Protein chains: 2
Amino acid sequence: MPLSFLNRMLAERDIPSLMETALGHIPADLAIVNAQLVNVYSGEILSDTAVAVKNGWIAATGHLAPGTIGPETRIIDATGQTLIPGFIEGHTHLATLMTPDYFIPHAVRHGTTTIITETMETYPVAGLEGVMDFLASIRHQPITMLATAPALASISPAGSRMSLDDLRTVLDHEAVIGLGESYWQAVLKEPSLYLDRFRETLLRDQVLEGHSAGAGGAKLMAYAATGVSSCHEAISAKDALERLRLGMAVMIREGSIRRELAAISAIAEQSVSCRRLLLVTDGVNPLHLLQDGYLDAVVQKAIDFGFSPVDAIRMATLHVAEHFQIDAVVGGIAPGRQADMVLIPAPDCIRPTCVIARGKLLWEEGRDLPQVQRHSFSESSRSTIRLGDAPIDAGRFRIGASAAVSQVDVRIMDLITELVTKEAHLTMPVVEGLVCSDPTQDILKVAAIDRRYSPGKTAVGFIRGFGLRSGAFATSAAWDTTDIVVVGATDADMAACVQRIQQLQGGFVVCNEGKVLAELALPVMGLMAQEPAEIIREKMEAVTAAVHALGSKLSDPMLTLTTLTTAAIPYLRICEEGLFDLKSGQFREVFLS
Amino acid sequence: MPLSFLNRMLAERDIPSLMETALGHIPADLAIVNAQLVNVYSGEILSDTAVAVKNGWIAATGHLAPGTIGPETRIIDATGQTLIPGFIEGHTHLATLMTPDYFIPHAVRHGTTTIITETMETYPVAGLEGVMDFLASIRHQPITMLATAPALASISPAGSRMSLDDLRTVLDHEAVIGLGESYWQAVLKEPSLYLDRFRETLLRDQVLEGHSAGAGGAKLMAYAATGVSSCHEAISAKDALERLRLGMAVMIREGSIRRELAAISAIAEQSVSCRRLLLVTDGVNPLHLLQDGYLDAVVQKAIDFGFSPVDAIRMATLHVAEHFQIDAVVGGIAPGRQADMVLIPAPDCIRPTCVIARGKLLWEEGRDLPQVQRHSFSESSRSTIRLGDAPIDAGRFRIGASAAVSQVDVRIMDLITELVTKEAHLTMPVVEGLVCSDPTQDILKVAAIDRRYSPGKTAVGFIRGFGLRSGAFATSAAWDTTDIVVVGATDADMAACVQRIQQLQGGFVVCNEGKVLAELALPVMGLMAQEPAEIIREKMEAVTAAVHALGSKLSDPMLTLTTLTTAAIPYLRICEEGLFDLKSGQFREVFLS
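This is a predicted model, so every value here is computed, not measured.

Caption draft 1: Just the sheet that holds strand β6 (residues 87-92) of chain A, in detail. All names here are of chain A. With parallel pairing, five strands are arranged side by side in an open sheet as β6-β8-β9-β10-β11. A strand with exactly one partner marks an edge of an open sheet, and here the two such strands are β6 and β11 (207-211). Sheet twist, expressed as the mean angle between neighbouring strand axes with direction ignored, is 25°.

Caption draft 2: The arrangement of the interface of chain A and chain B in detail. Taken residue by residue, the interface counts 62 residues in chain A and 63 residues in chain B. Of the roughly 5200 Å² buried between chain A and chain B on both sides combined, carbon and sulfur atoms contribute 58%. Three residues stand out in chain A for area buried against chain B, namely A:Met19, A:Arg245 and A:Arg275, and they jointly supply 14% of the buried area on that side. For the pair chain A and chain B, the interface holds ten salt bridges. The closest approach of N and O atoms between B:Glu44 and A:Arg245, which form a salt bridge, is 2.7 Å. Taken together, the residues of the side of chain A that touches chain B sort by class into 35 nonpolar, 13 polar and 14 charged.

Caption draft 3: How the structure looks around the side chain of B:Ser42. Examined against the element boundaries, B:Ser42 turns out to sit in the loop between β1 (30-39) and β2 (44-54). Judged by relative accessible area, which is 0%, B:Ser42 ranks as buried. In this structure the side chain of B:Ser42 is engaged in a polar contact, spanning 2.6 Å, whose partner is the side chain of B:Glu44. Setting aside residues no more than four positions away along its own chain, B:Ser42 makes contact with A:Leu241, A:Leu244, A:Arg245, A:Val272, A:Ser273 and B:Arg314.

Caption draft 4: Just empty space enclosed by the protein, in detail. The tally for this structure, following the rule as stated, stands at six cavities of 30 Å³ or more. Taken as a whole, the second largest cavity spans an internal volume of roughly 200 Å³. Taken together, 20 residues line the second largest cavity, and the ones lying closest to its centre are A:Ser4, A:Ile177, A:Asp205, A:Gln206 and B:Asp205. Considered class by class, the residues forming the lining of the second largest cavity number ten nonpolar, five polar and five charged.

Caption draft 5: Up close: the pairing of strand β22 (residues 443-450) of chain A. Residue and element names in this part refer to chain A. Most of β22 is tucked away, with eight of its eight residues classed as buried. Pairing between β22 and strand β23 (residues 458-464): seven bridges, direction antiparallel. Considered in β23, the bridge of Val-446 is made with Gly-461. Inspection of the sheet shows β22 paired to strand β25 (residues 483-488) by six bridges, in the antiparallel sense.

Caption draft 6: Quick peek at helix α2 (residues 15-22) of chain A. Burial within α2(A) is extensive, with six of its eight residues counted as buried. Residues A:Ile15, A:Ser17, A:Leu18, A:Met19, A:Thr21 and A:Ala22 constitute the buried set of α2(A). Next to the buried residues of α2(A) lie β2 (44-54) and β3 (57-62) of chain A together with α6 (184-189), α7 (191-202) and α8 (217-224) of chain B. Looking one or two residues beyond α2(A), the residue adopting positive phi is A:Gly24, at roughly 85°.

Caption draft 7: Region of the structure containing the packing of helix α4 (residues 122-138) of chain A against helix α5 (residues 164-171) of chain A. Residues and elements named next belong to chain A. Where α4 contacts α5, the two axes come as close as 10 Å, and the packing angle between them is 25°. The angle between α4 and α5 places the two elements in the roughly parallel class. Helix-helix and strand crossings are classified by hand; for α4 and α5 the assignment is left-handed. Residues Tyr-123, Leu-128, Val-131, Met-132 and Leu-135 of α4 form the contact with α5, whose own contacting residues are Asp-166, Thr-169 and Val-170. Considering only residue class, the contact of α4 with α5 consists of six nonpolar, one polar and one charged.

Caption draft 8: Molecular detail of the relation of the copies chain A and chain B. For the pair chain A and chain B, the best superposition has an RMSD of 0.1 Å and corresponds to a rotation of 180° with a translation of 0.0 Å parallel to the axis. When the rotation and shift are considered jointly, the pair of chain copies conforms to a two-fold rotation axis. When the interface residues of chain A are mapped onto chain B, 100% of them are again interface residues, pointing to one common binding face.

Caption draft 9: Structural context of the packing of aromatic side chains. Taken as a whole, this structure holds ten aromatic pairs over all chains when the rule is applied. On the numbers, 6.1 Å between centres and 35° between planes, the contact of A:Phe473 with A:Phe508 is tilted. Separated by 35 residues along the polypeptide, A:Phe473 in strand β24 (residues 472-475) and A:Phe508 in strand β26 (residues 507-512) bring together distant segments of the chain. Between B:Phe103 and B:Tyr294 the ring centres are 5.1 Å apart and the planes differ by 85°, which places this aromatic pair in the edge-to-face class. Remark: B:Tyr294 occurs in the loop between α11 (286-292) and α12 (295-304) and B:Phe103 occurs in helix α3 (residues 100-109); sequence separation between them is 191 residues. Classification of B:Tyr294 as buried rests on a relative accessible area of 1%. Site record: aromatic cluster; members linked through ring pairs are A:Phe466, A:Phe473 and A:Phe508. The ring of A:Tyr453 has A:Arg452 sitting right over it, with the charged end atom 5.2 Å from the ring centre. Across from the ring centre of B:Trp57, 5.3 Å away, lies the NZ or CZ of B:Arg13, which sits over that ring.

Caption draft 10: Here's a closer look at unusual backbone geometry. Residue and element names in this part refer to chain A. A cis amide bond, omega 0°, links Pro-570 with the succeeding residue Tyr-571. Mapped onto the fold, Tyr-571 is located in the loop between α17 (557-562) and β29 (572-575). The backbone phi angle of Asp-48 is positive, close to 50°, even though this residue is not glycine. Its place among the elements puts Asp-48 in strand β2. The class for Asp-48 is partly exposed, based on a relative accessible area of 47%.

Caption draft 11: Fine view of the state of the cysteines. Residue and element names in this part refer to chain B. One pass over the full model with this rule turns up zero disulfides over all chains. Of the cysteine sulfurs around Cys-354, a residue in no disulfide, the closest is that of Cys-349, at 15 Å. Cysteine Cys-511 remains unbridged, with the sulfur of Cys-497 as its closest cysteine sulfur at 3.8 Å.

Caption draft 12: Region of interest: helix α8 (residues 217-224) of chain A. Among the residues of α8(A), A:Leu220, A:Met221, A:Ala222, A:Tyr223 and A:Ala224 are the ones counted as buried. Tucked inside the fold, the buried residues of α8(A) contact β10 (176-183), α6 (184-189), β11 and α9 (237-245) of chain A together with α2 (15-22) and β3 (57-62) of chain B.

Caption draft 13: Inspection of the environment of A:Gly488 at higher detail. Residues and elements named next belong to chain A. Topologically, Gly-488 is positioned in strand β25. When the C-alpha positions of Gly-488 and Phe-466 are compared, they lie 9.1 Å apart, and in sequence the two are 22 residues distant. The contacts of Gly-488, once residues within four sequence positions are left out, are Ser-437, Leu-444, Lys-445, Leu-468, Gly-471, Ala-472 and Met-494.

Caption draft 14: Local environment of the confidence of the model for chain A. On average, residues of chain A score 96 in pLDDT, and 100% of them reach the 70 mark or higher. Here the prediction assigns the complex a pTM of 0.96, and the interface score ipTM is 0.95.

Caption draft 15: Quick look at the sheet that holds strand β19 (residues 407-415) of chain A. Residue and element names in this part refer to chain A. Across the sheet, which stays open at both edges, the eight strands sit in the order β20-β19-β23-β22-β25-β24-β26-β27 with mixed pairing between neighbours. Of all the strands in the sheet, just β20 (421-429) and β27 (515-521) have a single pairing partner and so form its edges. Within this sheet the neighbouring strands show an average axis-to-axis angle of 25°, counted without direction. Lying on the sheet, helix α15 (residues 491-504) is in contact with β22, β24, β25, β26 and β27; it crosses β26 at an angle near 145°. Its contacts with the sheet put helix α16 (residues 533-549) on β24, β26 and β27, and the angle it makes with β27 is roughly 145°.

Parameters at a glance
- Residues numbered from 1 in each chain as written.
- Chains lettered and ligands numbered in written order.
- Predicted model: local features only at pLDDT ≥ 70, side-chain atom pairs only at ≥ 80, totals over all residues.
- Heavy atoms only, no water.
- Pairing = 2+ DSSP bridges.
- Helix = DSSP H or I, 4+ residues; strand = E, 2+ residues; numbered from the N terminus.
- Axes fitted to C-alpha atoms, helices over the stretch in contact; angles between N-to-C directions.
- Contact = heavy atoms within 4.5 Å.
- Buried area = accessible area lost by both parts, 1.4 Å probe.
- Salt bridge = Lys/Arg side-chain N within 4 Å of Asp/Glu carboxyl O.
- Nonpolar A, V, L, I, M, F, W, Y, C, P; charged D, E, K, R; others polar.
- Buried < 20%, exposed > 50% of the residue type's maximum accessible area, 1.4 Å probe, protein only.
- Polar contact = N/O pair within 3.5 Å; in protein donor to acceptor, adjacent residues only side chain to side chain.
- 1 Å grid on protein atoms, 1.4 Å probe; cavity = no way out; pocket = protein on both sides within 12 Å on 5 of 7 lines; lining within 4 Å.
- Points joined across faces, edges and corners; volume = space filled by probe spheres on them.
- Parallel < 35°, antiparallel > 145°, perpendicular 65-115°, else oblique.
- Left-handed = near helix turned anticlockwise from the far one by under 90°.
- Least-squares fit on C-alpha atoms with pLDDT ≥ 70 in both.
- Phe/Tyr/Trp six-rings, centres within 6.5 Å; stacked < 30°, edge-to-face > 60°.
- Lys NZ or Arg CZ within 6 Å of the ring centre and 35° of its normal.
- Disulfide = S-S within 2.5 Å.
- pLDDT = per-residue confidence, 0-100.

Pasting the structure below:
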């Protein structure tokens with residue numbers, strides 16, 4: 001049973017130097033003095049506190065011994081400021097849009113010193129080698145970077161192909177501390193696919209992350225009985241409470257995909273223990289990162305919504321550490337813990353002014369973002385768009401019907417929210433043996449094209465609610481599959497988009513009348529750009545503006561597009577094998593019989 | 001890195017049967033219905049709750065699905081009763097007075113379903129083989145029995161001889177989940193002796209149990225910085241708070257050795273988080289066990305002292321499980337947890353009426369104690385009193401001085417409480433070259449005789465405050481050493497006591513004028529009787545009555561005697577090497593120079 005690098009560091013840190021520093025026999029490297037301290041263990045806000053740091057670890061807190069501060073000790077006078085533990089992100093997807101090495105500096109600047117990221121995106125499109133390359137990209141960073149292994153719930157058989165051996169290899173990676181989210185419907189539908197993986201995880205004393213969107217009652221209990229110990233999909237105080245009662249950690253999600261704090265905060269007024277409530281983002285895209293910040297903004301919001309400052313801070317520090325059983329190392333300010341700390345103006349004003357990780361002052365107000373380790377992704381990780389030998393042309397997106405009929409009943413994906421689809425039935429005209437998009441009725445084509453296991457394998461259907469009046473929009477960053485997904489008013493523009501994605505080896509592309517209107521290249525696994533957030537934001541804005549210019553009124557068309565393939569959001573989805581009904585777990589034909 | 005049997009059980013339990021039971025597809029083995037449930041996770045008391053059990057694990061809680069209860073399901077109607085998780089004892093010493101197999105039935109009857117015991121007593125007197133034999137005695141029991149490895153702080157070099165290899169063997173035992181209490185003074189005095197052991201423990205992702213009696217300020221911080229994560233030695237709310245602030249778990253001790261609840265309960269009125277407060281006994285002897293009960297009595301007392309029922313129950317269930325990182329298995333009532341549950345009349349009335357462990361109804365009101373696995377201790381564990389070839393006679397306890405002087409200044413152990421000694425200096429007469437006891441002044445002899453590594457090696461000194469007017473009192477169950485310890489008014493009775501202990505292969509013996517007045521045989525490692533609690537109690541009462549009859553006014557002379565050798569209680573102690581001053585860490589001569 002391998003130990004995570006975090007626990008190994010705990011076992012192997014230089015304890016005598018910490019003891020000597022606490023006793024005042026040798027001077028600290030760094031001391032923060034005169035701080036108001038949020039003690040997440042006792043739940044108190046303590047005035048006039050000092051913290052001494054040696055070799056990256058906390059040696060002493062409270063009133064320091066004479067001698068702990070020596071002439072060589074770097075002193076930070078925190079008079080009038082509040083010291084809190086560095087934030088811990090408990091659930092995010094860093095293999096999204098920007099590479100971790102460009103994301104981390106922003107996380108630091110916003111007070112986050114530990115991140116636990118999913119890796120599920122990387123396996124379908126880049127295999128075990130891709131997962132290991134991604135994990136390599138988060139190692140040797142100035143903050144603590146941990147990960148969960150892919151659980152691989154996918155509607156596509158190709159997306160579910162991870163072998164147990166590959167899983168063991170990932171679970172044994174020193175940065176991995178659990179198995180990532182396993183969608184509940186998939187687990188309940190085919191327990192045998194998942195339980196072996198759960199067992200491998202539990203045998204390593206690691207945690208099982210959950211995803212129980214919409215589950216309740218007996219089904220939720222059955223899911224909890226598997227040992228899954230968290231859920232980040234509660235959307236109401238009622239959902240949250242039901243999960244807490246079952247012993248699960250409830251990760252309140254507040255990020256780019258969804259924002260649940262407003263709804264779940266009602267729980268703060270009930271006399272319910274928040275010890276297993278956590279604050280997570282589930283991913284913050286460069287737009288939101290630059291505009292709102294990161295966990296600092298989430299914690300601030302939790303306070304604004306009625307959680308006490310101590311509880312809100314704990315929900316993004318100690319509670320996360322406890323859930324992942326890493327609280328001996330991170331999550332609080334006490335002797336023997338890693339020196340991860342943040343200064344803020346006051347307990348209820350979560351605006352980091354100084355961020356210390358592993359005892360190093362990484363950032364303070366007015367300074368540039370910190371430097372981090374830039375990772376060279378492998379050639380293989382940078383060439384993941386394999387579409388086969390057949391040309392990607394308009395013909396690929398044709399939907400043929402019998403020439404003998406004038407109309408046909410079809411099954412379409414109907415966007416009933418910007419993310420949720422349901423199945424709708426329409427009667428459409430057949431013209432020269434073809435069923436075509438009808439942008440005037442907002443009936444577009446949607447296609448998914450495998451880019452790895454069956455290169456070029458394509459399924460085509462219809463979608464309503466996307467709103468393009470002309471052109472097409474495609475991405476290689478489709479969730480949970482190996483697919484490029486494309487939505488379009490014309491077959492030719494759909495082909496143009498996919499061709500361009502192939503050239504870029506990944507990205508988002510908007511085309512109209514054969515021309516590229518906007519694009520964001522994502523050459524790393526077809527998922528990530530290795531560029532600064534500001535540049536990615538600019539391109540995201542251009543892509544979104546282009547989609548809007550083509551008529552879509554979706555607030556975040558990039559997100560709507562990427563989620564069309566996921567098993568995580570109900571009800572009718574698409575992959576290279578066809579339309580998939582999540583409720584029944586069955587593929588569906590476009591034509592109603 | 002080996003996994004504890006508990007985590008292995010979690011990984012390997014039959015999850016499909018739990019899922020099917022939760023979903024109502026197959027019937028539960030056992031269902032408790034109409035219960036008021038103390039939900040330790042959410043902190044709520046929920047009415048009208050049901051719990052379904054399958055194969056020893058909890059499948060569902062709350063409102064059961066139709067079908068979960070079938071014709072074969074055994075139903076317990078808990079109308080009017082309250083269901084709580086089985087108690088978890090976080091710190092005790094089961095290798096004391098009675099063997100675990102006789103203790104466990106009482107623990108069960110009083111609502112305890114998990115016990116984490118120290119093993120430190122067994123190593124000095126019986127070696128690795130003895131530790132493994134003791135660990136074997138707690139396996140295959142109807143409740144969950146876990147242990148910590150000996151950390152071996154001893155004033156005697158012989159008592160500290162555990163090799164790292166032996167420690168590794170014990171840490172790798174499937175019942176072991178941490179390193180037992182490491183006395184803080186010893187750790188601070190000789191970190192090198194301990195830190196290797198801490199590292200071995202942390203490398204196994206196990207916990208380090210602490211013991212920081214009397215420590216505060218910089219010294220306590222230095223101790224906390226080693227990674228030690230608990231202390232059961234706080235004796236005031238102030239002590240407790242200082243430790244909580246340092247991120248330690250505070251185990252409030254309420255047992256036969258000390259009772260701290262009254263003092264520490266003041267913390268319940270402060271706005272301090274009790275999430276790292278635990279209730280433990282540190283050992284309950286047969287007298288108290290039969291008279292007061294076990295953790296049920298402690299939790300009741302915590303409620304009576306002002307903790308809310310939910311907090312008090314959590315402090316003996318979930319909080320303990322979280323501290324030892326076993327809360328995925330025990331400590332609460334939720335799907336996927338081991339089915340360890342207790343019915344009580346009401347949340348504030350902790351009187352178990354029905355105890356379920358691993359899904360089996362082990363005890364209910366009016367029934368006999370449950371049967372458990374009786375262990376056959378090895379021949380080697382039953383022959384641990386080795387005193388060498390030299391006769392144990394009165395001469396062994398003589399203290400000779402120069403015949404040329406008529407008096408001499410001596411250093412004595414002075415009992416300033418029933419457990420704490422300090423060094424006192426007296427002038428005593430020399431008669432025919434000997435310094436003798438003087439029972440008229442309450443000056444008795446005290447001796448420690450090694451029974452393992454240097455068989456028969458003896459140190460003799462003086463003690464004041466024990467109160468024997470004649471006779472002697474000896475035990476082989478001296479704390480933290482390999483010694484028999486004996487206190488006496490005459491050298492001859494001291495010899496008689498030790499001879500009898502040798503015959504018994506362990507025990508407590510009271511002699512007067514060469515005759516045995518009372519005795520309690522402890523043939524298992526010289527520490528334990530393998531007999532029912534009632535019989536041991538009777539003999540303890542007889543021993544205590546005999547000591548009282550000889551003049552002692554100590555309330556618990558057995559405890560006072562056994563602790564004379566410990567490094568855990570200040571200040572002057574004795575072992576086979578001589579008197580030992582804990583403050584300086586030095587041996588001291590009887591004669592003042």
